[in-house]
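Structure at a glance
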Amino acid sequence: MLSQERWGALPLVAVLALAGCARREPTPPPAGQQVLRISQRNEPGDLDPAIASLPDEFFIIRALSEGLVVPGPDGGAVLEAAAERWEVTPDHLSYTFRLRPDERWSNGEPLTAEDFLESFRRVLSPGTAATKASLFLPVKNARDYLSGRIEDFGSVGFKAPDSRTIVVTLGRPMPPAEFLLYAASGPWIPVNPRTVSHLGRQWTRPGNFVGNGAYALTEWLPNQRITVKPNPFYRGAAQVRLAAIQFVRFDDEDSEERAYRAGQVDVTMKVPSERIETYARERPAELHREPLAETRYLSFNTRRPALKDPRVRRALSLALDRRRIVNDVLRGGQEPAGQLIPAAISSGVSGKGPFQMPEHNPAEARRLLAAAGYPGGLNFPHLELAGWSSTPVLEAIQAMWKNELGINVAIVLREARSHVAALRSGDYDIGLFTLIPDVADPISILEDFTSHSPNNLPHWSDAIYDGLILEASAAGDPADSRRLLRRAESRLLAEAPLAPVYFNSKNWVMGTYVHGWREDALWTRNYGDLWMDRAGAAAEQRRP
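A brief structural summary. (Residues numbered from 1 in each chain as written. Predicted model: local features only at pLDDT ≥ 70, side-chain atom pairs only at ≥ 80, totals over all residues. Heavy atoms only, no water.)

**Things to note about the packing of aromatic side chains**
Counted according to the given criterion, the structure contains 20 aromatic pairs. Ring centres of Y95 and F179 lie 4.6 Å apart, and the angle between their planes is 45°; this geometry places the pair in the tilted category. In this pair, Y95 sits in strand 5 (residues 94-99) while F179 sits in helix 4 (residues 176-183), placing the two residues 84 residues apart along the sequence. Residue Y95 shares its accessibility class with F179, and that shared class is buried. Taken together, a centroid distance of 6.2 Å and an interplanar angle of 75° make the contact between F136 and F158 edge-to-face. Here F158 lies in strand 6 (residues 158-162) and F136 lies in the loop between helix 2 (113-124) and helix 3 (142-147), a separation of 22 residues in the sequence. Here a set of aromatic residues connected by ring pairs shows up, and it is made of Y95, F116, F120, F136, Y145, F153, F158, F179 and W188. The side chain of K506 reaches across the aromatic face of W508, ending 4.6 Å from its centre. (Phe/Tyr/Trp six-rings, centres within 6.5 Å; stacked < 30°, edge-to-face > 60°. Helix = DSSP H or I, 4+ residues; strand = E, 2+ residues; numbered from the N terminus. Buried < 20%, exposed > 50% of the residue type's maximum accessible area, 1.4 Å probe, protein only. Lys NZ or Arg CZ within 6 Å of the ring centre and 35° of its normal.)

Right, here's the structure in full:
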């Protein structure tokens, strides 16, 4: 749940930011107009929910479209959206969703059950290459259709008995509190199949985009801003209070914070380290901090000869002083990561496995590196440490490996989407990555490291790990599933294709005249209750 803390003086924080390129700053809206300007860090690669992969893309998509259900504000239980209600069989294997009778696309067409099924088929079709298709795997036969083992989509657990009814059959029992998290995730958001068929990849452009959300896409100025305005066909159009939302593109936290002080943006993504103490002291009501269910980890490309050896990977992990990174470098409420899965969503999975990731242990790290053939770092190959920004963290890691192991790595920075693409293709050595779960379910995280997952960034393959995940996904008893997932995470940490570094938190500023802001620990936003008190804005013209 979002929290606002009234702090006294705080230490400075090194805030991580996603890289980008801003071209110009926004023009302030006319006084009294309900136009909310939100800082946007990464230029969207796509606004197609089947293709999108970054939170920055779903920030906008969720304003334009919604699925059968939506994540609850502030991380609460899921809420009705396109579906007005649902029924669950006693065995938790079948869910029947009833669409609202007034549900329409933004072009006025009725939204039907067949539209949903065609959207689901599109995500699961191997040719779509949807990076988040795994969020459909709880559905019966979805895995086999996605892999191409079966070609008849009629065999997948989706049926539409009529235009307002969708029946979902699962491959294993899942209680509502678990399955509905998947149904509320981004890839389950429908697309208008007629629009997509007619316009192809151009369907996501202004004037073409057809969604079913509270807003419609009206402007997309690349690397400047994206504007959405109320959708008159939205079922709750009468309750939408904003005239527009502008997602304004900024390079970094410094430029967005300057725009915030100048009254040119209302909500920022981050706060520069040198400004946190000032806001905490002079305008604490505008300063917000929220722990995230987000893990920053180092991915080791196991295709590289030196990094194929788990002793090398363990040595690199043991040489990291995670507590020093969060306390001395970040200082923004982050926590050192002793496992991969954040505690907020571990559900009894993390922290109880047969393997516990050791604390900082440079002596053991040096022993392992020597045993692997690199005593004191001698003859260790030249490797690159890649990131999308996060320079202070990368520099701290670089220095720890130099000081503790005697090895040198070069820092390489890329734009965020280019960085992710390089990790996916294997065009990197060691990369810092942000793991933001799509759903608060541990298996959705751990499945990413199975041998054939497109999200397996270390390009690691382990038959024991794959078997544990497969068993856990098929387990009918939740206790058995948790036990298997504990073993799987322990195996992952012991083999060390990755090294968790810290659990992230978000520090940002927002005008006190903005009301109804909702964002959960998974970076999912809900725009339904937003409104602005522009009279209150006049009192904030002189910002620190």
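**Considerations on the sheet that holds strand 14 (residues 409-413)**
If you walk across this open sheet you meet the 6 strands as 12-16-11-15-13-14, and the pairing is mixed. Edge positions in the open sheet fall to strand 12 (335-336) and strand 14, since each of these has one partner strand only. Strand direction decides the pairing type here: strand 12 and strand 16 (residues 498-509), joined by 2 bridges, are antiparallel. Residue pairing for strand 16: E335 is matched across the bridge by F503. (Pairing = 2+ DSSP bridges.)

**Quick word on the layout of surface pockets**
Looking at the second largest pocket, its volume works out to about 650 Å³. As for the second largest pocket, its lining consists of 24 residues, and the residues nearest its centre are L137, R143, T450, H452 and S453. Only helix 3 and helix 14 (463-474) provide two or more residues apiece to the lining of the second largest pocket. Here the lining of the second largest pocket gets 4 residues from one element, more than from any other, and that element is helix 14. Counted by class, the lining of the second largest pocket contains 9 nonpolar, 10 polar and 5 charged residues. (1 Å grid on protein atoms, 1.4 Å probe; cavity = no way out; pocket = protein on both sides within 12 Å on 5 of 7 lines; lining within 4 Å. Points joined across faces, edges and corners; volume = space filled by probe spheres on them. Nonpolar A, V, L, I, M, F, W, Y, C, P; charged D, E, K, R; others polar.)

**Section: the nonpolar core**
In terms of nonpolar packing, the biggest core is built from 65 residues, with F97, F158, I166, V168, F179, W188 and L340 touching the most fellow members. Examining the composition of this core, we find that 6 residues originate from one element, helix 2, more than from any other. Setting aside residues up to four positions removed in sequence, W188 forms contacts with G67, F116, F120, L135, F136, V139, F158, V168, F179, Y182 and A183. (Core = buried A, V, L, I, M, F, W, Y, C linked by side-chain atoms within 4.5 Å. Contact = heavy atoms within 4.5 Å.)

**Thoughts on the side chain of S94**
Note on placement: S94 falls in strand 5. Judged by its relative accessible area of 17%, S94 is buried. Ignoring sequence-local partners within four residues, the contact set of S94 consists of E87, V88, T89, V167, V168 and T169.

**Digging into the pattern of salt bridges**
Taken as a whole and judged by the stated rule, the model has 35 salt bridges. In this structure, D115 engages R194 in a salt bridge whose closest nitrogen and oxygen atoms are separated by 3.0 Å. Taken together, the residues D115 in helix 2 and R194 in helix 5 (residues 193-199) connect sequence positions 79 residues apart. A residue is classified by how much of its surface remains accessible, and R194, at 39% relative accessible area, is partly exposed. (Salt bridge = Lys/Arg side-chain N within 4 Å of Asp/Glu carboxyl O.)

**Points about empty space enclosed by the protein**
Counted by the stated rule, this structure contains 3 cavities of 30 Å³ or more. The computed volume of the second largest cavity comes to approximately 40 Å³. Contributing to the lining of the second largest cavity are Q40, E43, P44, L221, N223, Q224, R225, I226, F247 and R249. Breaking the lining of the second largest cavity down by element, the ones donating at least two residues are strand 9 (225-230) and strand 10 (244-249). Considering only residue class, the lining of the second largest cavity consists of 4 nonpolar, 3 polar and 3 charged.

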